[in-house]
Amino acid sequence: MTFEPTLDPVAGAAAAPEARRHVLDPASGLAAWLGQRGQPAWRAGAIRRWLHGRRAQSFADMTDLPRGLRSELDADFRIWTTTVAVHQRADDGTEKLLLALADGQRIECVLLREEDGDRRTVCISSQVGCAMGCVFCASGIDGVVRNLTTGEIVEQLLRLALLLPGDERLSHIVVMGMGEPLANLDRLLPALAEAQDPEGLGISQRRITISTVGLPQAIDRLGAANPGYHLAVSLHAADDDLRTRLVPVNKATGLADVMAAADRYWETSGRRLTFEYVLLGGVNDSREQAERLARLLGGRAALVNVIPYNAVSGMPWKEPTTAAREQFLDVLRAAGVNVQVRRRKGARIDAACGQLRRLAAKF
Ligand code: SAH
């Protein structure tokens, strides 16, 4: 596996104070702004179509808008609030962007390509850092800095779409980057709604997965707001003692409440749930733990996504051995649990969530 980091010279430049509104934010007020200038309301849709569907990178690209309007738009709105600080490509086609936000914070997002087939999945971040404190995860090492705005979430999608040739489209979204998406639902949901616009990215909600550490009340909120998304719940342990050690927020939520909320979401959505289980060598990968997980899930229409741990430098956790991983999978399969192992795409660059941000702090 090789990768080539590309540094964007703009990233380090001093940022000028920026008063322009972010046009990628659905609450930017674009429609009202156009109205004040006597422009027809449909122009807001046309501009969004240029940005989301036709991959315009500047207002100047929007060649069917009156020239004067394009420069007025440019004066009051900006399209990009981020710069690409690092762009990595792995030889399996995976590309990872480290984006510098307007306030200098950094987030990661990834484009994953299927070897065969048209699947083009993007993995996006929902927060700068993370407050959940999962002990093995790089994203939470320094806690949470802030929520991403809706516009910053949309911008990740568009930046990644721009990496595709013109005849390819993004097909799936996974909210599995940095942060806890259900802790930032108010900004995430409008961004995911934008992604579904048939004249924009046109990604149906069935192809959007939200991965959560398991916050019962927020799962209920999501179910009430929109149960159409695919929900993935990060378990990592099938008993409260171990789960609280690995996923500290479990002390407050407890496993039983997480499972009950997941069940309610399943009842409302009718969609199969996914449970994620990061295998940490010698910690949660024993035969007994696999049996306990099978008992916990017993009877549920669920898929278990087993993720071999990606080592994070400076952390004591190890990947499971092949034998331990196979045993774990065998026990689950023998108990009739649907299980899949997450393939390691772009293993070198896709290392652990939040890792690139830390490694690249020097750029
Ligand atoms: N906050 C959300 C999204 C996190 S990232 C959640 O907890 O689900 C998606 C998955 O990657 C989570 O299951 C997370 O626990 C896992 N993960 C984090 N660090 C990892 C690492 N170093 N190796 C493998 N998986 C990791």
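Quick summary incoming for the structure in this document. (Residues numbered from 1 in each chain as written. Predicted model: local features only at pLDDT ≥ 70, side-chain atom pairs only at ≥ 80, totals over all residues. Heavy atoms only, no water.)

**Comments concerning the packing of helix H6 (residues 216-225) against helix H9 (residues 255-269)**
- Viewed as axis vectors pointing N to C, H6 and H9 meet at an angle of 5°, and their least axial separation amounts to 9 Å. By the angle between their directions, the pair H6 and H9 is classed as roughly parallel. Touching Pro216, Ile219, Asp220, Leu222 and Gly223 of H6 are Asp257, Val258, Ala261, Ala262, Arg264, Tyr265 and Thr268, all from H9.
- Its residues assigned to classes, the contact of H6 with H9 comprises seven nonpolar, two polar and three charged. (Axes fitted to C-alpha atoms, helices over the stretch in contact; angles between N-to-C directions. Helix = DSSP H or I, 4+ residues; strand = E, 2+ residues; numbered from the N terminus. Parallel < 35°, antiparallel > 145°, perpendicular 65-115°, else oblique. Contact = heavy atoms within 4.5 Å. Nonpolar A, V, L, I, M, F, W, Y, C, P; charged D, E, K, R; others polar.)

**Points about the pattern of salt bridges**
- One pass over the full model with this rule turns up 21 salt bridges.
- Between Asp197 and Arg48 there is a salt bridge, with its nearest N and O atoms 3.1 Å apart. Highlighted residues: Asp197 in the loop between helix H5 (185-196) and strand E11 (208-212) and Arg48 in helix H2 (residues 42-53), separated in sequence by 149 residues.
- Taking the relative accessible area as the measure of exposure, Asp197 reaches 18% and is therefore buried.
- With a shortest N-O distance of 2.8 Å, Glu95 and Arg113 are connected by a salt bridge. With Glu95 in strand E5 (residues 95-100) and Arg113 in strand E6 (residues 106-113), the pair connects residues that are 18 residues apart, well separated along the chain. As far as burial versus exposure is concerned, Glu95 and Arg113 are alike and both buried.
- Ionic contacts of the salt-bridge type, sharing partners, join the residues Glu18, Arg20 and Asp74 into one network. (Salt bridge = Lys/Arg side-chain N within 4 Å of Asp/Glu carboxyl O. Buried < 20%, exposed > 50% of the residue type's maximum accessible area, 1.4 Å probe, protein only.)

**Description of the site of the ligand**
- Surveying the vicinity of the ligand reveals 20 residues, the closest of which are Glu180, Ser211, Ser234, His236 and Asn310.
- One of the side-chain nitrogen or oxygen atoms of His236 is found 2.8 Å away from an oxygen atom of the ligand.
- Relative to its unbound accessible area of 540 Å², the ligand is 95% covered by the protein chains.
- Listing elements by their share of the shell around the ligand, those giving two or more residues are E11 and strand E13 (273-279).
- Residues that form the shell around the ligand fall into these classes: eleven nonpolar, seven polar and two charged. (Near = heavy atom within 4 Å. Polar contact = N/O pair within 3.5 Å; in protein donor to acceptor, adjacent residues only side chain to side chain. Areas by Shrake-Rupley, 256 points an atom, 1.4 Å probe, with all protein chains shown as cover.)

**Some thoughts on the packing of aromatic side chains**
- Tallied over the entire structure, the rule returns three aromatic pairs.
- With centroids separated by 6.1 Å and ring planes inclined at 90°, the aromatic side chains of Phe136 and Tyr309 adopt a geometry described as edge-to-face. Linking Phe136 in the loop between strand E8 (127-129) and strand E9 (144-147) with Tyr309 in the loop between strand E14 (302-308) and helix H11 (322-334), this pair joins segments that are 173 residues apart in sequence. Per residue, the accessibility class of Phe136 equals that of Tyr309, and both read buried.
- Their ring planes at 40° and their centres at 4.9 Å tell us that Tyr277 and Phe328 sit as a pair that is tilted. Placement of Tyr277 in strand E13 and of Phe328 in helix H11 is noted, with a sequence separation of 51 residues between them.
- Against the face of Trp50 rests Arg54, its NZ or CZ located 3.7 Å from the ring centre.
- When the ring centre of Trp80 is taken as reference, the NZ or CZ atom of Arg159 above it lies at 4.6 Å. (Phe/Tyr/Trp six-rings, centres within 6.5 Å; stacked < 30°, edge-to-face > 60°. Lys NZ or Arg CZ within 6 Å of the ring centre and 35° of its normal.)

**Side note on the pairing of E11**
- Within E11, five of the five residues are buried, which leaves it mostly tucked inside the rest of the structure.
- Here E11 shows a buried face lined by Ile208, Ile210 and Thr212 and a second buried face lined by Thr209 and Ser211.
- You can see the chain leave strand E10 (residues 172-175), run along H5 and come back into E11, and the turn it takes is right-handed.
- Pairing between E11 and strand E12 (residues 230-234): four bridges, direction parallel. Bridge pairing in E12 places Thr209 opposite His230.
- The parallel pair E11 and E12 is bridged by H6, and the resulting crossover is right-handed. (Right-handed = clockwise from strand over helix to strand, strands pointing away. Pairing = 2+ DSSP bridges.)

**Section: the environment of Leu51**
- Residue position: Leu51 is located in helix H2.
- A residue is classified by how much of its surface remains accessible, and Leu51, at 4% relative accessible area, is buried.
- Considering only alpha carbons, one finds Leu51 and Leu158, 107 residues apart in sequence, at a separation of 8.0 Å.
- Not counting chain neighbours up to four residues away, the residues in contact with Leu51 comprise Val23, Leu24, Ala56, Met62, Ile79 and Leu158.

**Let's talk about helix H4 (residues 150-161)**
- Taking 1.5 Å of rise per residue, twelve residues should cover 16 Å, and H4 covers 17 Å from first to last C-alpha, within 8% of that figure.
- Counting buried positions along H4 yields twelve of twelve residues, so the element is predominantly enclosed.
- Along H4, the positions that sit buried rather than exposed are Thr150, Gly151, Glu152, Ile153, Val154, Glu155, Gln156, Leu157, Leu158, Arg159, Leu160 and Ala161. (Expected span 1.5 Å × (residues − 1).)

**Here's the deal with the side chain of Gln289**
- Within the secondary structure, Gln289 sits in helix H10 (residues 287-297).
- By relative accessible area, which is 15% here, Gln289 ends up buried.
- A polar contact is formed between the side chain of Gln289 and the backbone oxygen of Val283, at a distance of 3.0 Å.
- In contact with Gln289, other than residues within four places in its own chain, are Leu242, Tyr277, Val283, Asn284 and Phe328.

Keep in mind that these numbers describe shape and distance, not what the molecule does.
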